[in-house]
Structure formats: C-alpha cells, structure tokens
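# Structural features, examined
Here's the letter readout for the chains.
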Amino acid sequence: MRRHRTTARGVLLLLLGLGLAAAGGSATAQTPPNKTPPKIIFPVVGPTMYSDDFGDPRPQGRHEGNDIMAPRKAAAVAAESGKVKFWTTSAAAGCMLYLYGDSGTTYLYIHLNNDLGSGNDNKGKCVAGVAYARGLKAGAHVQAGQQVGYVGDSGDANGIHPHLHFEVHPNGKGAVDPYPYLQKAQHLLFSAVPGTPFALSLTGTVVAATPAKLQMNLTSLQAWPSNLKLTNLRQTLTLTVPPTALVQSVARIGGGVTASVASLLNARKGAQVVVWTQPALATLKAQRGDDGALSAALIQLAP
Ligand SMILES: [Zn+2]
C-alpha cells in the first residue's frame, strides 16, 4: 500500500508544479450564433436520473424543463460556453443561474444548492461556493463543461429530492423540450477549467489491453484537485498507455499488499484495475474521457 500512497503524493506535487506553469489562458472555438449546438454537455456530472417531464402539469402551469435527479451538491456544469448571470430573488426557483450560450441558446439552472451541511438545512445563501461554483462571478464567461453550480433543492423544491431543473431556450426565446438535448449530450467524467491541471484515479475492470492502450469498464473515480468522488459509474474508457507508465500486479497476502512489475499483455479480461492518470492540463476531450485522451501513469492490476 505504501507505494500507492507515495504515488498519490507525487501526483499532488506534480499538480502543484503544473498549476504554477498553467497561468496561460485558453482560446475557445466559437459556434455560429443563433444555433443550438447539436450536442451539449450534459449539465450534471455523475450518476443522474431524469425523464421527459417537459410540459407536465405542475401547480404553476406546464413544466418548462426537465428535472435531473442527482445527489445533493453534484456539480452542475455549463452546457456550452457562454456568459453566466446569477438570479437570487425568485421564491419558486430559489438559487438560479442563466447561461447565455455563445450559440445564442439560453439555459436555465434552477433549484441550485442552498445547504451548508450534508442535509437539507437551508442555511446557505445563493452565493459562489454554495449555489454557484466556487470563485464564479456573475457576468463571467465560462467554458463548455466548466462547473457553474451545485445541484440542490432551493426554492419550491425544498424538501424534495435534490435535482436540477434544466431549461433550454433557443435564441433566448420560449422553452423547448430539453430531453432530446440531454439524450444526445456528452457526459463529463469530471469538471475542470480547461487549461488547469488535473489527475484522476480510475477504478474498474479490464476489457482489453495492448502495451499502448487499456480499455476498461469504469465503476468509480476520484479527481484532483476538485476531490470529486463518483461511484456506481458505468462507462467504457480507452486510455493511452505511454512507455513511461508503470504497470504493477498487486496482490493482497495475509493483510499485506505486495506489488510487482507486470505487463499489460498479461492483463486478464475482467480483472480489477486501478489507474492513476498522468497529471495533465484539462481539455474538454479529457473531461469527456474521449478515446485516448487520458494517459495512464500507474496501472495496478489485481491478479
Ligand atoms: Zn422542474
């Protein structure tokens, strides 16, 4: 186990080093105006549940969005790049955010978090670090996939399961059904500001391996520096394995753990695997976990 811990600390130190080097900004490709992007970023990170409840009768009238059920304080992220506006005075919406997408489509994020603890204490205000992402300022321009807030139960969702009420307004006009957008949306493994350092630890099972690539079924992950922890994931990931990656076979013998150098060629399909990714600067491809976008630094295989 010692080796594992040493590696964790090494990853953090590397991240700090990268952080100092990552001061440069990053450019974004602009989508043409007045056109909803064919694919948005799914607005919540981690496991969610939602259905097509657009237009359902509700006490205030027809339901103008889809309710995305998620754990309290799950990260709400920008569906596309755009400018944010905080809205804090609606009793029904609670802590709310407008995202004016660069495409011309406006997205509404409603019932953001207003709790300070792990339960429904209603002690938080509609401010950055509680409802909105830490350090986020009203009027800021955010990148697609950047965290904008935390899922909660503010407003008239108080005491109901935390969820994001999500609306899509093409051209800033009337709401349309978000469901087709959500069904096609690209889910993020984690959220980070593009160009800032990150590392992940990924747990799952081996699907296939070559010396240069590892395909795994992902079941849980942890991300740095956000400290995001996600479980109950079901996603297949293909990782790049550079020649510098360390591959170990890890065995538990009588309460102790031993690690020995191994080869991915001997990786058994279905074997438990833990991968530490190479510390890198966040890109949207890495956040989505696109094929080959994440590089392994350490791979630990169970025999
Ligand atoms: Zn709703």
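On to the overall build of the chain, then. A count of helices and strands for the chain gives three helices and 19 strands. The buried share of the chain, reckoned over its 303 residues, is 40%. Sequence-distant contacts, at least 24 apart, represent 66% of the contacts inside the chain between residues at least 6 apart.

With 77 residues, the main nonpolar core has Ala-76, Tyr-109, Val-148 and Ile-299 as its most contacted residues. Residues from two domains meet in this core; each of domain 1 (2–22 + 195–301) and domain 2 (57–184) gives at least three. With sequence-adjacent residues up to four places away left out, Ile-299 is seen in contact with Leu-214, Ala-245, Val-247, Gln-248, Leu-264, Val-273 and Val-275.

With that out of the way, let us pick up the sheet that holds strand β7 (residues 106–112). Spatial strand order, β3-β10-β7-β6-β5-β8: six strands in an open sheet with antiparallel pairing. Each edge of the sheet is formed by a strand with only one pairing partner; in this case those strands are β3 (66–69) and β8 (141–142). Summarising the sheet, β7 and strand β10 (residues 163–169) pair through five bridges and their orientation is antiparallel. If you follow Thr-106 over to β10, its bridge partner there is His-169.

On average, residues of the chain carry a pLDDT of 88, and 88% of them reach 70 or more. For residues 1–34, every residue scores under 50 in pLDDT, and the model assigns this stretch 37 contacts once sequence neighbours within four places are set aside.

This paragraph deals with the pairing of strand β5 (residues 82–90). One ladder, built from seven bridges, connects β5 with strand β6 (residues 94–101); its direction is antiparallel. Pairing of Phe-86 across the sheet is with Leu-97, part of β6. Inspection of the sheet shows β5 paired to β8 by two bridges, in the antiparallel sense. Residue pairing for β8: Lys-83 is matched across the bridge by His-141.

Basis of the calculations
Residues numbered from 1 in each chain as written. Predicted model: local features only at pLDDT ≥ 70, side-chain atom pairs only at ≥ 80, totals over all residues. Helix = DSSP H or I, 4+ residues; strand = E, 2+ residues; numbered from the N terminus. Buried ≥ 20, exposed ≤ 12 C-beta atoms within 10 Å, placed from the backbone. Contact = placed C-beta atoms within 7 Å. Core = buried A, V, L, I, M, F, W, Y, C linked by C-beta atoms within 7 Å. Domains from an automatic or database assignment. Pairing = 2+ DSSP bridges. pLDDT = per-residue confidence, 0-100.

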